[in-house]
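# Observations on chain architecture
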Amino acid sequence: MTLPETAPRPATTNPVLRVAPASPAAAAAYFGASLAFHADVSDVAGALADGGEPGFVVLDSRSTASWDQGHVPGAVHLPTALIPEQAEQLLDRSVPVVTYCWGPGCNGATRAALALAELGFQVKEMLGGFEYWVREGFPYETWEGPARRRADPLTAPADSDDCGC
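Now for a look at the structure at hand. (Residues numbered from 1 in each chain as written. Predicted model: local features only at pLDDT ≥ 70, side-chain atom pairs only at ≥ 80, totals over all residues. Heavy atoms only, no water.)

Estimates place the volume of the second largest pocket at around 150 Å³. Surrounding the second largest pocket, Gln-69, Trp-102, Phe-130, Glu-131, Val-134, Arg-135, Tyr-140 and Arg-149 form its lining. Among the elements that take part in the lining of the second largest pocket, helix H6 (residues 129–135) stands out by supplying 4 residues, more than any other. (1 Å grid on protein atoms, 1.4 Å probe; cavity = no way out; pocket = protein on both sides within 12 Å on 5 of 7 lines; lining within 4 Å. Points joined across faces, edges and corners; volume = space filled by probe spheres on them. Helix = DSSP H or I, 4+ residues; strand = E, 2+ residues; numbered from the N terminus.)

A few words now on the state of the cysteines. Applying the stated criterion to the full structure yields 0 disulfides. Free of any disulfide, Cys-101 has its nearest cysteine sulfur in Cys-106, 3.3 Å distant. Of the residues examined, Cys-101 reaches a relative accessible area of 3% and is grouped as buried. (Disulfide = S-S within 2.5 Å. Buried < 20%, exposed > 50% of the residue type's maximum accessible area, 1.4 Å probe, protein only.)

Formed by 18 residues in total, the largest nonpolar core has its most connected members in Val-44, Val-58, Val-72, Tyr-100, Met-126 and Trp-133. Of all the secondary structure elements, the ones that give two or more residues to this core are helix H2 (41–49), strand E4 (97–100) and H6. Looking at this core element by element, the count peaks at 4 residues for H2. Counting 14 residues, the second largest nonpolar core, distinct from the first, contains Leu-59, Leu-91, Ala-112 and Leu-116. (Core = buried A, V, L, I, M, F, W, Y, C linked by side-chain atoms within 4.5 Å.)

Attention shifts here to the side chain of Glu-136. Note on placement: Glu-136 falls in the loop between H6 and strand E6 (140–142). The charged side chain of Glu-136 is buried without a salt bridge, its nearest counter-charge being Arg-135 at 8.2 Å. If near-sequence neighbours (up to four positions away) are discounted, Glu-136 is found in contact with Val-41, Ser-42, Ala-151, Thr-155 and Ala-156. (Lys, Arg positive; Asp, Glu negative; His and termini not counted. Salt bridge = Lys/Arg side-chain N within 4 Å of Asp/Glu carboxyl O. Contact = heavy atoms within 4.5 Å.)

Here the focus is the packing of aromatic side chains. This structure, assessed with the given rule, holds 5 aromatic pairs. Ring centres 6.2 Å apart and planes at 70° place the aromatic pair Trp-102 and Phe-130 in the edge-to-face group. Here the residue Trp-102 occupies a position in the loop between E4 and helix H5 (108–118), and Phe-130 occupies one in helix H6, the gap between them amounting to 28 residues. Taking relative accessible area as the criterion, Trp-102 reaches 32% and is therefore assigned partly exposed. Relative to Tyr-140, the ring of Phe-130 has its centre 5.5 Å away and its plane inclined at 90°; by these criteria the two rings are edge-to-face. Here Phe-130 is found in helix H6, whereas its partner Tyr-140 is found in strand E6, with 10 residues between them in sequence. (Phe/Tyr/Trp six-rings, centres within 6.5 Å; stacked < 30°, edge-to-face > 60°.)

Following this line, the structure appears as structure tokens:
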């Protein structure tokens, strides 16, 4: 294994710089690769809201009880444990899949993405999961019907659809 190049070690060794930052080339490769594996909640919501075919399907990998509590409109419900048995029947292998679970503290979407990739599907993980979908004020569905909460100003701009990212 080849380790990435690092910049010269700075004179101070605070916790942030104790391990030197990667070289710009190594950082570009890492962050470029990261974008190939992850999708942002607001980017997913924007693509789905455009009205046309987004070019991907959203997959909720949580339990039925979690799904009933709330899910992204139009998402496919397929708990991670059932992916090996049911993915072929529910998903088109030619359409990329964006997985999500509860949120940043849950790795269910990562496990679902791995299971799908092992079956030959193109896949990305939606960062923030259902938690950030709701916190950013996007509509969702529950067993009772459509729902929506106000955007949390700590996760989304209060008076704009564009965060500037």
